[in-house]
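# Residue-level structural notes
One letter stands for each residue in the lines below.
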Amino acid sequence: MEKRILGKDLEVSAIGLGCMGMSHGYGEPKDKKEMIALIRKAHDLGVDFFDTAECYGPYVNEELVGEALEPIRNEVKIATKFGIQLRDFKQTLDSSPATIRESVEGSLRRLRTDHIDLYYQHRVDKNTPIEEVADTVAQLMREGKVLHWGMSEAGVDNIRRANAVLPLTAIQSEYSMFWREQEEKLLGTLEEWGIGLVPFSPLGKGFLTGTITKDAKFGNNDFRSTVPRFSQENIEANMVIVDLVKTIAQQKNITPAQVALSWLKAQRPFIVPIPGSRSLRHLEDNIAAAEVTYTEAEMAEINKALDNIVLKGDRYSAESQKNIDR
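Now for a description of the structure that goes with this document. (Residues numbered from 1 in each chain as written. Predicted model: local features only at pLDDT ≥ 70, side-chain atom pairs only at ≥ 80, totals over all residues. Heavy atoms only, no water.)

### Overview of the nonpolar core
One finds L17, I39, F50, W149, M151, M177 and I241 to be the most contacted residues of the largest nonpolar core, which totals 82 residues. Among all residues touching M151, those that are not within four sequence positions of it are Y120, Q121, V124, I130, N158, I159, A162, L168, A170, I171 and Q172. Membership of the second largest hydrophobic core comes to 14 residues, among which are L10, L118, Y120 and V198. (Core = buried A, V, L, I, M, F, W, Y, C linked by side-chain atoms within 4.5 Å. Buried < 20%, exposed > 50% of the residue type's maximum accessible area, 1.4 Å probe, protein only. Contact = heavy atoms within 4.5 Å.)

### Notes on the sheet that holds strand β5 (residues 77-82)
Pairing within the open sheet is parallel, and its seven strands lie in the order β3-β4-β5-β8-β9-β10-β11. Edge positions in the open sheet fall to β3 (17-18) and β11 (196-200), since each of these has one partner strand only. Bridge count for β5 against strand β8 (residues 116-121) is four bridges, and the pairing is parallel. If you follow A79 over to β8, its bridge partner there is L118. (Pairing = 2+ DSSP bridges. Helix = DSSP H or I, 4+ residues; strand = E, 2+ residues; numbered from the N terminus.)

### What to know about the side chain of D94
In this fold, D94 is placed in the loop between β7 (90-93) and α3 (97-110). Given a relative accessible area of 11%, D94 falls into the buried group. A polar atom in the side chain of D94 sits 2.9 Å from the side chain of T99. If we ignore the near neighbours within four places in the chain, the residues touching D94 are G83, Q85, R87, T99 and D125. (Polar contact = N/O pair within 3.5 Å; in protein donor to acceptor, adjacent residues only side chain to side chain.)

### Observations concerning the state of the cysteines
Any covalent bond linking the sulfur atoms of two cysteines counts as a disulfide. Taken as a whole, this structure holds zero disulfides when the rule is applied. C19 takes part in no disulfide bond, and the closest cysteine sulfur to it belongs to C55, at a distance of 14 Å. Owing to a relative accessible area of 0%, C19 belongs among the buried residues under this scheme. (Disulfide = S-S within 2.5 Å.)

### Considerations on the environment of P228
The residue P228 is located in the loop between β11 and α7 (232-237) in this model. Residue classification places P228 among the partly exposed positions, given a relative accessible area of 28%. Expressed as a C-alpha distance, the spacing of P228 and S317, which sit 89 residues apart in the sequence, is 6.4 Å. Setting aside residues no more than four positions away along its own chain, P228 makes contact with N234, G313, D314, Y316 and S317.

### Re unusual backbone geometry
Note the cis peptide between G57 and P58, where omega equals 0°. Relative to the elements of secondary structure, P58 occurs in the loop between β4 (49-51) and α2 (60-69). Even without glycine at this site, E153 takes up a positive phi of about 55°. Looking at the secondary structure, you find E153 in the loop between β9 (146-152) and α5 (156-165). One non-glycine residue, N253, adopts positive backbone phi at about 60°. Residue position: N253 is located in the loop between α8 (239-252) and α9 (256-267).

Right under this line is the structure:
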(Lines give C-alpha, C1' and ligand atoms only; values in the text may rest on other atoms or scores of the structure.)
Protein backbone atom coordinates (compact mmCIF):
# COMPACT_ATOMS: atom_id res chain seq x y z
CA MET A 1 0.00 0.00 0.00
CA GLU A 2 1.02 3.61 -0.58
CA LYS A 3 2.78 5.22 2.38
CA ARG A 4 2.24 8.70 3.74
CA ILE A 5 4.24 10.87 6.13
CA LEU A 6 2.65 12.36 9.25
CA GLY A 7 4.55 15.33 10.60
CA LYS A 8 8.24 15.23 9.78
CA ASP A 9 8.99 11.52 9.70
CA LEU A 10 6.24 9.15 10.84
CA GLU A 11 5.67 6.92 7.80
CA VAL A 12 2.42 4.94 7.83
CA SER A 13 0.10 3.19 5.39
CA ALA A 14 -2.14 5.61 3.50
CA ILE A 15 -5.16 4.06 5.21
CA GLY A 16 -5.01 2.94 8.83
CA LEU A 17 -7.39 0.90 10.96
CA GLY A 18 -9.48 2.42 13.74
CA CYS A 19 -9.98 -0.34 16.29
CA MET A 20 -12.44 1.33 18.70
CA GLY A 21 -15.60 -0.19 17.26
CA MET A 22 -14.34 -3.73 17.77
CA SER A 23 -14.99 -3.41 21.50
CA HIS A 24 -16.56 -0.02 22.18
CA GLY A 25 -19.10 2.48 20.93
CA TYR A 26 -20.95 0.64 18.17
CA GLY A 27 -23.12 -1.86 19.97
CA GLU A 28 -22.06 -5.16 21.48
CA PRO A 29 -18.31 -5.92 21.28
CA LYS A 30 -17.28 -8.44 18.67
CA ASP A 31 -15.60 -11.75 19.50
CA LYS A 32 -12.03 -11.06 20.63
CA LYS A 33 -10.45 -13.91 18.66
CA GLU A 34 -12.22 -12.82 15.49
CA MET A 35 -11.02 -9.25 15.94
CA ILE A 36 -7.44 -10.35 16.59
CA ALA A 37 -7.57 -12.29 13.33
CA LEU A 38 -9.03 -9.28 11.54
CA ILE A 39 -6.30 -6.93 12.80
CA ARG A 40 -3.63 -9.37 11.64
CA LYS A 41 -5.36 -9.74 8.28
CA ALA A 42 -5.32 -5.94 7.91
CA HIS A 43 -1.55 -6.08 8.33
CA ASP A 44 -1.31 -8.83 5.72
CA LEU A 45 -3.21 -6.53 3.33
CA GLY A 46 -0.81 -3.62 3.84
CA VAL A 47 -2.12 -1.70 6.87
CA ASP A 48 0.59 -0.82 9.37
CA PHE A 49 -1.13 1.98 11.34
CA PHE A 50 -3.52 0.98 14.14
CA ASP A 51 -5.50 3.32 16.39
CA THR A 52 -6.87 2.76 19.90
CA ALA A 53 -7.22 4.62 23.23
CA GLU A 54 -7.10 3.79 26.92
CA CYS A 55 -10.72 4.87 27.40
CA TYR A 56 -12.11 2.55 24.71
CA GLY A 57 -13.84 -0.07 26.79
CA PRO A 58 -12.18 1.27 28.89
CA TYR A 59 -8.89 -0.57 28.58
CA VAL A 60 -10.12 -3.67 26.71
CA ASN A 61 -9.49 -2.20 23.26
CA GLU A 62 -5.83 -1.57 24.04
CA GLU A 63 -5.58 -5.12 25.34
CA LEU A 64 -7.09 -6.43 22.10
CA VAL A 65 -4.74 -4.39 19.93
CA GLY A 66 -1.74 -5.34 22.03
CA GLU A 67 -2.43 -9.06 21.79
CA ALA A 68 -3.13 -8.85 18.06
CA LEU A 69 0.01 -6.92 17.19
CA GLU A 70 2.51 -8.46 19.60
CA PRO A 71 3.87 -10.99 17.05
CA ILE A 72 4.38 -8.22 14.45
CA ARG A 73 5.14 -5.28 16.72
CA ASN A 74 8.23 -4.18 14.81
CA GLU A 75 6.27 -4.02 11.55
CA VAL A 76 3.49 -1.67 12.70
CA LYS A 77 2.81 1.75 14.20
CA ILE A 78 0.45 1.98 17.18
CA ALA A 79 -1.42 5.14 18.13
CA THR A 80 -3.20 5.45 21.45
CA LYS A 81 -4.53 8.28 23.60
CA PHE A 82 -4.51 9.68 27.12
CA GLY A 83 -6.61 12.31 28.86
CA ILE A 84 -10.09 10.79 29.26
CA GLN A 85 -10.57 9.03 32.57
CA LEU A 86 -13.61 7.06 33.70
CA ARG A 87 -14.54 8.13 37.24
CA ASP A 88 -17.79 7.28 38.98
CA PHE A 89 -19.00 5.91 35.63
CA LYS A 90 -18.50 9.31 33.96
CA GLN A 91 -15.86 10.48 31.53
CA THR A 92 -13.58 13.11 33.05
CA LEU A 93 -10.87 15.07 31.27
CA ASP A 94 -7.53 14.85 33.06
CA SER A 95 -4.18 15.58 31.43
CA SER A 96 -2.30 16.41 34.60
CA PRO A 97 1.34 15.25 34.50
CA ALA A 98 0.77 12.55 37.13
CA THR A 99 -2.21 11.14 35.23
CA ILE A 100 -0.34 11.16 31.92
CA ARG A 101 2.49 9.18 33.51
CA GLU A 102 0.05 6.71 35.02
CA SER A 103 -1.75 6.39 31.67
CA VAL A 104 1.36 5.75 29.61
CA GLU A 105 2.49 2.94 31.89
CA GLY A 106 -0.93 1.31 31.67
CA SER A 107 -1.04 1.66 27.89
CA LEU A 108 2.45 0.21 27.45
CA ARG A 109 1.49 -2.78 29.57
CA ARG A 110 -1.80 -3.43 27.78
CA LEU A 111 -0.26 -2.91 24.35
CA ARG A 112 2.57 -5.31 25.21
CA THR A 113 5.22 -2.91 24.02
CA ASP A 114 8.00 -0.67 25.32
CA HIS A 115 7.05 2.35 23.22
CA ILE A 116 4.04 4.10 21.71
CA ASP A 117 4.55 5.33 18.15
CA LEU A 118 1.98 8.14 18.34
CA TYR A 119 0.54 9.32 21.65
CA TYR A 120 -2.44 11.70 21.44
CA GLN A 121 -4.01 13.91 24.04
CA HIS A 122 -7.56 12.64 23.59
CA ARG A 123 -9.27 15.90 24.49
CA VAL A 124 -7.92 19.26 25.63
CA ASP A 125 -8.04 19.54 29.43
CA LYS A 126 -8.90 23.13 30.32
CA ASN A 127 -7.55 22.60 33.83
CA THR A 128 -4.03 21.76 32.66
CA PRO A 129 -2.12 24.24 30.49
CA ILE A 130 -1.26 22.66 27.17
CA GLU A 131 2.37 23.72 27.65
CA GLU A 132 2.49 21.53 30.77
CA VAL A 133 1.03 18.62 28.81
CA ALA A 134 3.61 19.07 26.03
CA ASP A 135 6.45 19.23 28.54
CA THR A 136 5.30 16.00 30.18
CA VAL A 137 5.10 14.22 26.81
CA ALA A 138 8.56 15.58 25.95
CA GLN A 139 9.89 13.86 29.07
CA LEU A 140 8.27 10.59 27.97
CA MET A 141 9.89 10.98 24.56
CA ARG A 142 13.32 11.47 26.13
CA GLU A 143 12.70 8.26 28.09
CA GLY A 144 11.87 6.42 24.85
CA LYS A 145 8.33 5.55 25.90
CA VAL A 146 6.73 7.79 23.24
CA LEU A 147 8.12 8.44 19.74
CA HIS A 148 5.67 11.04 18.40
CA TRP A 149 2.77 12.97 19.85
CA GLY A 150 -0.49 14.49 18.72
CA MET A 151 -3.78 15.97 19.85
CA SER A 152 -7.37 14.94 19.17
CA GLU A 153 -10.25 17.36 18.58
CA ALA A 154 -8.00 20.33 19.40
CA GLY A 155 -8.61 23.91 18.35
CA VAL A 156 -6.08 25.91 16.35
CA ASP A 157 -4.94 28.06 19.30
CA ASN A 158 -4.08 25.09 21.50
CA ILE A 159 -2.42 23.34 18.57
CA ARG A 160 -0.22 26.41 18.05
CA ARG A 161 0.71 26.62 21.74
CA ALA A 162 1.44 22.90 22.00
CA ASN A 163 3.48 22.81 18.80
CA ALA A 164 5.65 25.70 20.06
CA VAL A 165 6.74 23.57 23.03
CA LEU A 166 7.00 20.17 21.34
CA PRO A 167 6.43 19.78 17.58
CA LEU A 168 3.26 17.82 16.88
CA THR A 169 3.20 14.93 14.43
CA ALA A 170 -0.55 14.64 13.90
CA ILE A 171 -3.96 15.94 14.81
CA GLN A 172 -6.83 13.49 14.98
CA SER A 173 -10.22 15.04 14.30
CA GLU A 174 -13.45 14.13 12.62
CA TYR A 175 -13.37 14.95 8.93
CA SER A 176 -15.32 13.47 6.05
CA MET A 177 -17.73 14.34 3.27
CA PHE A 178 -20.29 14.23 6.09
CA TRP A 179 -18.41 16.74 8.29
CA ARG A 180 -16.25 19.31 6.50
CA GLU A 181 -15.85 21.97 9.19
CA GLN A 182 -12.10 21.25 9.35
CA GLU A 183 -11.66 22.90 5.96
CA GLU A 184 -12.35 26.33 7.47
CA LYS A 185 -9.27 26.65 9.70
CA LEU A 186 -7.62 23.35 10.55
CA LEU A 187 -6.41 22.07 7.18
CA GLY A 188 -4.56 25.26 6.29
CA THR A 189 -3.00 25.47 9.74
CA LEU A 190 -1.70 21.91 9.60
CA GLU A 191 -0.36 22.42 6.09
CA GLU A 192 1.51 25.54 7.20
CA TRP A 193 3.07 23.88 10.24
CA GLY A 194 3.81 20.48 8.71
CA ILE A 195 1.44 18.49 10.92
CA GLY A 196 -0.49 15.45 9.67
CA LEU A 197 -4.24 14.92 9.92
CA VAL A 198 -5.75 11.58 10.93
CA PRO A 199 -9.51 11.78 10.32
CA PHE A 200 -11.68 9.56 12.48
CA SER A 201 -15.20 8.64 11.34
CA PRO A 202 -14.10 9.05 7.70
CA LEU A 203 -17.22 7.15 6.66
CA GLY A 204 -19.50 9.51 8.57
CA LYS A 205 -20.04 6.95 11.36
CA GLY A 206 -21.32 4.57 8.69
CA PHE A 207 -23.70 7.02 7.03
CA LEU A 208 -21.66 7.45 3.84
CA THR A 209 -21.69 3.71 3.16
CA GLY A 210 -25.38 3.96 2.28
CA THR A 211 -26.33 1.18 4.68
CA ILE A 212 -28.20 3.37 7.19
CA THR A 213 -31.85 4.01 6.42
CA LYS A 214 -34.28 6.55 7.89
CA ASP A 215 -35.82 3.73 9.93
CA ALA A 216 -32.49 2.79 11.56
CA LYS A 217 -32.61 2.07 15.29
CA PHE A 218 -29.49 2.42 17.43
CA GLY A 219 -29.21 0.61 20.76
CA ASN A 220 -28.24 2.28 24.03
CA ASN A 221 -24.68 0.95 23.69
CA ASP A 222 -24.34 2.53 20.23
CA PHE A 223 -23.22 6.14 20.72
CA ARG A 224 -25.04 7.20 17.54
CA SER A 225 -28.25 6.96 19.57
CA THR A 226 -27.17 10.24 21.23
CA VAL A 227 -26.00 12.02 18.07
CA PRO A 228 -28.47 14.61 16.71
CA ARG A 229 -27.31 14.00 13.15
CA PHE A 230 -28.62 10.43 13.50
CA SER A 231 -32.15 11.29 14.55
CA GLN A 232 -34.76 9.81 12.23
CA GLU A 233 -35.67 13.25 10.92
CA ASN A 234 -32.08 14.23 10.19
CA ILE A 235 -31.17 10.90 8.62
CA GLU A 236 -33.99 11.38 6.15
CA ALA A 237 -32.97 14.98 5.42
CA ASN A 238 -29.32 14.03 4.94
CA MET A 239 -29.93 11.23 2.45
CA VAL A 240 -29.08 13.75 -0.25
CA ILE A 241 -25.37 13.21 0.44
CA VAL A 242 -25.78 9.44 0.29
CA ASP A 243 -27.39 9.83 -3.13
CA LEU A 244 -24.40 11.89 -4.28
CA VAL A 245 -21.90 9.33 -2.99
CA LYS A 246 -23.78 6.50 -4.67
CA THR A 247 -23.80 8.40 -7.96
CA ILE A 248 -20.04 8.91 -7.79
CA ALA A 249 -19.57 5.25 -6.90
CA GLN A 250 -21.49 4.17 -9.97
CA GLN A 251 -19.48 6.51 -12.20
CA LYS A 252 -16.17 5.24 -10.83
CA ASN A 253 -17.29 1.60 -10.54
CA ILE A 254 -16.37 1.52 -6.85
CA THR A 255 -18.30 1.28 -3.58
CA PRO A 256 -19.70 4.23 -1.58
CA ALA A 257 -17.18 3.56 1.21
CA GLN A 258 -14.35 3.75 -1.31
CA VAL A 259 -15.70 7.07 -2.57
CA ALA A 260 -15.68 8.54 0.95
CA LEU A 261 -12.17 7.33 1.78
CA SER A 262 -10.56 8.16 -1.54
CA TRP A 263 -12.14 11.63 -1.49
CA LEU A 264 -10.50 12.25 1.91
CA LYS A 265 -7.10 11.08 0.72
CA ALA A 266 -7.35 13.40 -2.26
CA GLN A 267 -7.82 16.52 -0.15
CA ARG A 268 -4.21 16.69 1.14
CA PRO A 269 -1.14 14.42 0.94
CA PHE A 270 -0.75 14.49 4.74
CA ILE A 271 -4.20 13.00 5.45
CA VAL A 272 -4.42 9.38 6.68
CA PRO A 273 -7.98 8.21 7.41
CA ILE A 274 -8.56 5.44 9.95
CA PRO A 275 -11.87 3.74 9.08
CA GLY A 276 -13.08 1.18 11.56
CA SER A 277 -14.07 -2.29 10.46
CA ARG A 278 -15.50 -5.37 12.13
CA SER A 279 -15.72 -7.63 9.07
CA LEU A 280 -13.25 -8.87 6.46
CA ARG A 281 -15.49 -7.71 3.62
CA HIS A 282 -15.57 -4.14 4.90
CA LEU A 283 -11.86 -4.21 5.69
CA GLU A 284 -10.97 -5.27 2.14
CA ASP A 285 -13.39 -2.71 0.73
CA ASN A 286 -11.80 0.10 2.74
CA ILE A 287 -8.23 -0.88 1.92
CA ALA A 288 -8.99 -0.93 -1.81
CA ALA A 289 -9.88 2.76 -1.57
CA ALA A 290 -6.15 3.52 -1.36
CA GLU A 291 -5.88 2.80 -5.10
CA VAL A 292 -8.68 5.13 -6.23
CA THR A 293 -7.67 8.39 -7.90
CA TYR A 294 -9.49 11.42 -9.35
CA THR A 295 -8.76 13.95 -12.04
CA GLU A 296 -8.79 17.60 -11.06
CA ALA A 297 -12.01 18.02 -13.02
CA GLU A 298 -13.68 15.12 -11.20
CA MET A 299 -12.69 16.47 -7.79
CA ALA A 300 -13.84 19.99 -8.65
CA GLU A 301 -17.22 18.64 -9.71
CA ILE A 302 -17.58 16.56 -6.54
CA ASN A 303 -16.62 19.43 -4.25
CA LYS A 304 -19.00 21.78 -6.01
CA ALA A 305 -21.82 19.29 -5.44
CA LEU A 306 -20.84 18.94 -1.77
CA ASP A 307 -20.82 22.72 -1.35
CA ASN A 308 -24.44 22.81 -2.43
CA ILE A 309 -25.56 20.33 0.22
CA VAL A 310 -26.64 21.61 3.64
CA LEU A 311 -26.62 18.82 6.21
CA LYS A 312 -28.85 18.72 9.28
CA GLY A 313 -27.96 17.99 12.91
CA ASP A 314 -24.93 18.40 15.17
CA ARG A 315 -22.30 15.67 15.28
CA TYR A 316 -22.36 15.40 19.08
CA SER A 317 -24.91 15.73 21.86
CA ALA A 318 -24.96 19.02 23.78
CA GLU A 319 -23.17 17.32 26.69
CA SER A 320 -20.39 15.92 24.51
CA GLN A 321 -19.95 19.27 22.75
CA LYS A 322 -18.66 20.72 26.03
CA ASN A 323 -15.44 18.72 25.67
CA ILE A 324 -14.64 19.93 22.16
CA ASP A 325 -11.91 22.53 21.93
CA ARG A 326 -12.56 25.38 19.50
